[in-house]
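Single-letter residue listing:
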Amino acid sequence: MAKNTSGRGQRDLTVKVKTARGRKMSSTMWLQRQLNDPYVSRARAEGFRGRAAFKIMELDDKFRFLVPGARVVDLGCAPGGWLQVAVPRINALGEKSGKAVGRIIGVDLQEVEPIAGAEIHQLDFMEDDADEKVKEWLGGQADVVMSDMAASASGHKQTDHLRIIALCDAAAHFAFEVLSEGGTFVAKVLAGGAEGELQKLLKQKFTKVVNVKPPASRADSSEKFVVATGFRG
Ligand SMILES: C[S@@+](CC[C@H](N)C(=O)[O-])C[C@H]1O[C@@H](n2cnc3c(N)ncnc32)[C@H](O)[C@@H]1O
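Residues numbered from 1 in each chain as written. Predicted model: local features only at pLDDT ≥ 70, side-chain atom pairs only at ≥ 80, totals over all residues. Heavy atoms only, no water.

Considering the site of the ligand
Reasoning step 1: Near the ligand, the surroundings consist of 20 residues, among which Trp82, Asp108, Asp124, Phe125 and Asp148 are the closest.
Reasoning step 2: Separating an oxygen atom of the ligand from a backbone N or O atom of alanine 78 is a distance of 3.3 Å.
Reasoning step 3: Measuring from a nitrogen atom of the ligand, one finds a side-chain N or O atom of aspartate 124 at 2.8 Å.
Reasoning step 4: Protein chains bury 87% of the 600 Å² of accessible surface belonging to the ligand in isolation. (Near = heavy atom within 4 Å. Polar contact = N/O pair within 3.5 Å; in protein donor to acceptor, adjacent residues only side chain to side chain. Areas by Shrake-Rupley, 256 points an atom, 1.4 Å probe, with all protein chains shown as cover.)

Quick look at the structure:
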């Protein structure tokens, strides 16, 4: 049950959500946060499948890796916000005449509604031969490997952190195998310590490695993104 509350004088537009019987406090908080999140309403208004779309938009506006003609792999692509942003930027549909036509392959555990210009595959990227399958679909090198993969939260901070690092690690090793020289790797990590080894490795393989928290990433989440550019090959 959600309602708009307005006080006297200054109007308070915060939507408050009452805890309903059977709904956990955490779900109530999540619902309240969703209803008051400007990125959620912006995503709805602009036709994006989720607020995550703005994270890749902000990262790409800063680092410019989604360029026309780029060959991209998007790991953990459901429901498809990053794909929606990438398709026009890389010119996957060939709509920008005179510009190179890009290609994007999305992979996720979950089924994803089709998106024109994106090739989507349902796959657990942690399966033994997953990287071989993606390499086969790719049929060559990639210019960008990006991963927003995240396992569902266990509620245990350290476990969640280790899980996300394992996903990021798998994405990075895949990137080392498929990236072309000068390529870019972007991945979600959680601030918390265990990512140090991965950062060290990335610094050996790329000319520049930075950690960024785009404005669209919730301030109360420990999520951040590592952006590694200039793959040494
Ligand atoms: C935060 S969501 C990604 C949002 C996406 N970037 C977008 O813009 O719509 C994280 C995704 O990672 C996926 N994921 C988690 N573990 C995975 C795995 N082992 N293999 C493939 N996808 C995985 C989840 O299914 C989930 O859809």
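Still more to cover.
Describing the side chain of arginine 51
Reasoning step 1: Take arginine 51: it is sitting in the loop between helix 2 (38-46) and helix 3 (52-63).
Reasoning step 2: In this structure the side chain of arginine 51 is engaged in a polar contact, spanning 2.6 Å, whose partner is the side chain of aspartate 37.
Reasoning step 3: Ignoring sequence-local partners within four residues, the contact set of arginine 51 consists of Asp37, Tyr39, Val40, Ala43, Ala216 and Arg218. (Helix = DSSP H or I, 4+ residues; strand = E, 2+ residues; numbered from the N terminus. Contact = heavy atoms within 4.5 Å.)

Some details on helix 7 (residues 196-205)
Turn by turn, an α-helix covers 3.6 residues, leaving residues three or four places apart pointing in a common direction.
Reasoning step 1: Every buried residue belonging to helix 7 is among Leu198, Gln199 and Leu202, and all of these are buried. Take helix 7 and look down its axis: the buried residues cluster within an arc of 100 degrees, on one side only. Across helix 7 from its buried face, at more than 90 degrees, point the exposed residues Glu197, Lys200, Lys203 and Gln204.
Reasoning step 2: The inward-facing, buried residues of helix 7 contact helix 6 (157-178), strand 7 (179-190), strand 8 (206-212) and strand 9 (223-231). (Buried < 20%, exposed > 50% of the residue type's maximum accessible area, 1.4 Å probe, protein only. Arc of directions from axis to C-beta.)

Observations concerning the environment of valine 107
Reasoning step 1: Within the element layout of this structure, valine 107 appears in strand 4 (residues 103-108).
Reasoning step 2: Accessibility expressed as a relative area gives 1% for valine 107, which makes it buried.
Reasoning step 3: Placed 15 residues apart in sequence, valine 107 and glutamine 122 show a C-alpha to C-alpha distance of 5.8 Å.
Reasoning step 4: Excluding residues within four positions of it along the chain, valine 107 makes contact with Asp74, Leu75, Gly76, Cys77, His121, Leu123, Val134 and Trp137.

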